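# An overview of the molecular structure
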Amino acid sequence: MWETRSVQIKVRLPREIAQQAEEIQESDPEFLSRLLMYGLTRRSVYRHLRGRGEADTGLTDAHPRVL
């Protein structure tokens, strides 16, 4: 798979979500790790595909498409 390394991430969440995240971190830290990996992977794929779409159309955020 990939080479990995540990990182410390500090985020500010609404209290209710923060409490749930803390509970998950204590009870199943591997799940929380996979959840973060999934979210970051989705974001990376989205950015990649969006960048390809902009390159194909010549559009950027500076020149949004008007529908």
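The present account deals with the structure reproduced in this document.

Now for the overall build of the chain. A count of helical and extended segments in the chain gives two helices and zero strands. Across the 67 residues of the chain, 1% fall into the buried class. For the chain, the accessible surface area stands at approximately 7,100 Å², while carbon and sulfur atoms represent 54% of it.

Let's shift gears to a nonpolar patch on the surface. On the surface, V7, I9, V11, L13, I17, L36 and L40 cluster together into a nonpolar patch covering about 650 Å² of accessible area. Position of L36 among the secondary structure elements: in helix α2 (residues 29–57).

Moving on to the layout of surface pockets. For the largest pocket, the calculated volume is near 900 Å³. Those elements that place two or more of their residues in the lining of the largest pocket are α1 (15–27) and α2. In terms of residue count, the dominant contributor to the lining of the largest pocket is α2 (seven residues). Here the residues of the lining of the largest pocket are counted per class, giving 14 nonpolar, five polar and four charged.

The rules behind these values
Residue positions are given per chain, counted from 1 along the sequence in the order it is written. Local features are withheld for residues below a pLDDT of 70 in this predicted model, meaning they are given only at 70 or higher, and side-chain atom pairs are given and counted only at 80 or more; totals for whole chains, interfaces and linings count all residues. With hydrogens and water excluded, all non-hydrogen atoms of the structure serve as input to the side-chain values. Working definition: helices are DSSP H or I runs of at least four residues, strands are E runs of at least two. Numbering for both runs from the N terminus. Type-normalised accessible area, obtained with a 1.4 Å probe on protein chains alone, sets the label of each residue: buried when under 20%, exposed when over 50%, and partly exposed for intermediate values. Only the protein chains shown count as cover for residues, and all accessible areas are computed by the Shrake-Rupley method using a 1.4 Å probe. Patch criteria: residues need more than 30% relative accessible area and no salt bridge. Like-charged residues are merged within 9 Å; nonpolar side chains of Val, Leu, Ile, Met, Phe, Trp and Tyr are merged within 5 Å. Every case where a carboxyl oxygen of Asp or Glu lies within 4 Å of a side-chain nitrogen of Lys or Arg is listed as a salt bridge. As defined here, a cavity is a set of points on a 1 Å grid over the protein atoms alone where a 1.4 Å probe fits but cannot get out. A pocket is an open set with protein on both sides within 12 Å along at least five of seven lines, and residues line them when an atom is within 4 Å of a point. Grid points are joined across faces, edges and corners, and a volume is the space filled by probe spheres set on the points. Amino acids are sorted into nonpolar (Ala, Val, Leu, Ile, Met, Phe, Trp, Tyr, Cys and Pro), charged (Asp, Glu, Lys and Arg) and polar (every other residue, Gly among them).

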